Amino acid sequence: MTDEQVFSAWLRDRSEPDWAAVVTHPFAAAISRGTAGMRRYLEQDFQFVDAFTALLGAAVAAADSFESRVAVGRFLGQTVADTERGYFHRALAAVGGDPAPPVLEPVTIEFRALMDEVRLSQDYPLILAVLCVAEWTYLGWATRIPAEGESFVHREWVELHSGPEFEAWVGFLRRELDRLGPGLDESGRARVLDVFRHATALERRFFDMAAG
């Protein structure tokens, strides 16, 4: 990492070509255009909600300042536990999704395991790495093509991952990494990079799975 690079940008750049593949993925573009078949995607994505909620809770516990805890806690309470949960219930009903848990795809199992691993580590930078990948990549594809679909299933999913509030949330996650990165030793930065890269590769594989 050069002195001119901020830590989050360095992590992203070192996660190519997977990062660009996620942001420009044909399935993500199809969501924005309202043409993606959403049932399999949403059934599998819904299986992350509990693990992701727990990961946000771990971020609250592991954060090194009150202000950081408040920012994560606010997002957890207002967005994940309320808006996003409600979306999943409505969207799965609209696409005929099975309310029972589906057979988990291998990438779903691996991604949940990564979330659980960093949650149990109670290592705030590692937790931030997974959160930042999950949110920043989605901001990337959701803002690349304006939502064109008429169905709320597509349109609201794009809107959940774009707009000023979501941009501010991603900005917070990036600033946290940028703040903490310079204080990590070489092995600490390497661990964060390894987790960041792993999460990015899993995001790519998840979209590949959804595209079928």
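Residues numbered from 1 in each chain as written. Predicted model: local features only at pLDDT ≥ 70, side-chain atom pairs only at ≥ 80, totals over all residues. Heavy atoms only, no water.

**Focus: the overall build of the protein**
Alright, step 1. Looking only at helices and strands, one finds 11 helices and zero strands in the protein.
Alright, step 2. In the protein, the succession of α and β elements from N to C terminus is α-α-α-α-α-α-α-α-α-α-α.
Alright, step 3. For 212 residues, the compact-globule estimate of 2.2 N^0.38 gives 17 Å, and the protein sits close to it at 17 Å.
Alright, step 4. A principal-axis box enclosing the C-alpha atoms of the protein has dimensions of 50 × 35 × 30 Å.
Alright, step 5. Going through the 212 residues of the protein one by one, you find that 49% of them count as buried.
Alright, step 6. Partitioning the intrachain contacts of the protein with sequence separation of at least 6 by distance along the chain shows that 84% fall at a separation of at least 24.
Alright, step 7. With the model as given, the accessible surface of the protein reaches about 9,800 Å², and the carbon-plus-sulfur share is 52%. (Helix = DSSP H or I, 4+ residues; strand = E, 2+ residues; numbered from the N terminus. Rg over C-alpha atoms; globule rule 2.2 N^0.38 Å. Buried < 20%, exposed > 50% of the residue type's maximum accessible area, 1.4 Å probe, protein only. Contact = heavy atoms within 4.5 Å. Areas by Shrake-Rupley, 256 points an atom, 1.4 Å probe, with all protein chains shown as cover.)

**Concerning the side chain of Thr 200**
Alright, step 1. Following the sequence through the fold, Thr 200 ends up in helix α11 (residues 186-211).
Alright, step 2. Among the polar contacts listed, one links the side chain of Thr 200 to the backbone oxygen of Phe 196, at a separation of 2.8 Å.
Alright, step 3. In this view, Thr 200 contacts Ser 15, Asp 18, Trp 19, Val 22 and Val 133; residues no more than four positions away in its chain are not counted. (Polar contact = N/O pair within 3.5 Å; in protein donor to acceptor, adjacent residues only side chain to side chain.)

**Observations regarding the environment of Ala 51**
Alright, step 1. Residue placement: Ala 51 occurs in helix α5 (residues 49-62).
Alright, step 2. Taking C-alpha positions, Ala 51 is 9.7 Å from Leu 114, a pair spaced 63 residues apart along the chain.
Alright, step 3. Setting aside anything within four residues of it in sequence, one finds Ala 51 in contact with Met 115 and Asp 116.

**Concerning the side chain of Ser 8**
Alright, step 1. By secondary structure assignment, the location of Ser 8 is in helix α1 (residues 7-13).
Alright, step 2. Once you skip the residues sitting within four places of it in the chain, Ser 8 turns out to touch Trp 136, Arg 174, Leu 177 and Asp 178.

**Observations concerning unusual backbone geometry**
Alright, step 1. The residue after Glu 16, namely Pro 17, is reached through a cis peptide bond having omega 5°.
Alright, step 2. Among the structural elements, Pro 17 can be located in the loop between α1 and α2 (18-23).
Alright, step 3. Of note in this structure, Gln 122 is not a glycine but carries a positive phi near 55°.
Alright, step 4. Relative to the helices and strands, Gln 122 resides in the loop between α7 (106-121) and α8 (124-144).
Alright, step 5. Look at Gln 122 and you get partly exposed, because its relative accessible area is 42%.

**Section: helix α9 (residues 152-160)**
Along an α-helix, residues three or four apart share an orientation, since each turn contains 3.6 residues.
Alright, step 1. Within the sequence span of α9, burial applies to Val 153, His 154, Trp 157, Val 158 and Leu 160. Taken end-on, α9 shows its buried residues confined to a sector of 160°, consistent with a single buried face.
Alright, step 2. Measuring from the backbone nitrogen of Val 153 back to the side-chain oxygen at the start of α9 gives 3.1 Å, which picks out Ser 151 as the cap. (Arc of directions from axis to C-beta.)

**Brief notes about the pattern of salt bridges**
Alright, step 1. For the coordinates displayed, the defined rule picks out 10 salt bridges.
Alright, step 2. The partner of Arg 119 in a salt bridge is Asp 116, and the shortest N-O contact between them spans 3.4 Å. A residue pair is termed a helical-turn pair when its members lie 3 or 4 positions apart in one helix, as Arg 119 and Asp 116 do in helix α7 at three residues.
Alright, step 3. For Arg 119, a relative accessible area of 25% corresponds to the partly exposed category.
Alright, step 4. In this structure Asp 116 comes out as partly exposed when scored by relative accessible area, which is 29%.
Alright, step 5. Salt bridges here are not isolated pairs; linked through shared partners, they connect Asp 64, Glu 176 and Arg 179. (Salt bridge = Lys/Arg side-chain N within 4 Å of Asp/Glu carboxyl O.)

**Some remarks on the packing of aromatic side chains**
Alright, step 1. The final tally for this structure, using the stated rule, is 20 aromatic pairs.
Alright, step 2. What links up through ring pairs into an aromatic cluster is the set Phe 27, Tyr 41, Phe 46, Phe 48, Tyr 87, Phe 88, Phe 111, Tyr 138, Trp 141, Trp 157, Phe 206 and Phe 207. (Phe/Tyr/Trp six-rings, centres within 6.5 Å; stacked < 30°, edge-to-face > 60°.)

**Quick look at the nonpolar core**
Alright, step 1. Ile 31, Tyr 41 and Trp 157 are the most contacted members of the largest nonpolar core, which totals 73 residues.
Alright, step 2. Excluding residues that lie within four positions of it along the chain, Trp 157 makes contacts with Ile 31, Met 38, Tyr 41, Asp 45, Glu 84, Tyr 87, Phe 88, Tyr 138, Trp 141 and Phe 152. (Core = buried A, V, L, I, M, F, W, Y, C linked by side-chain atoms within 4.5 Å.)

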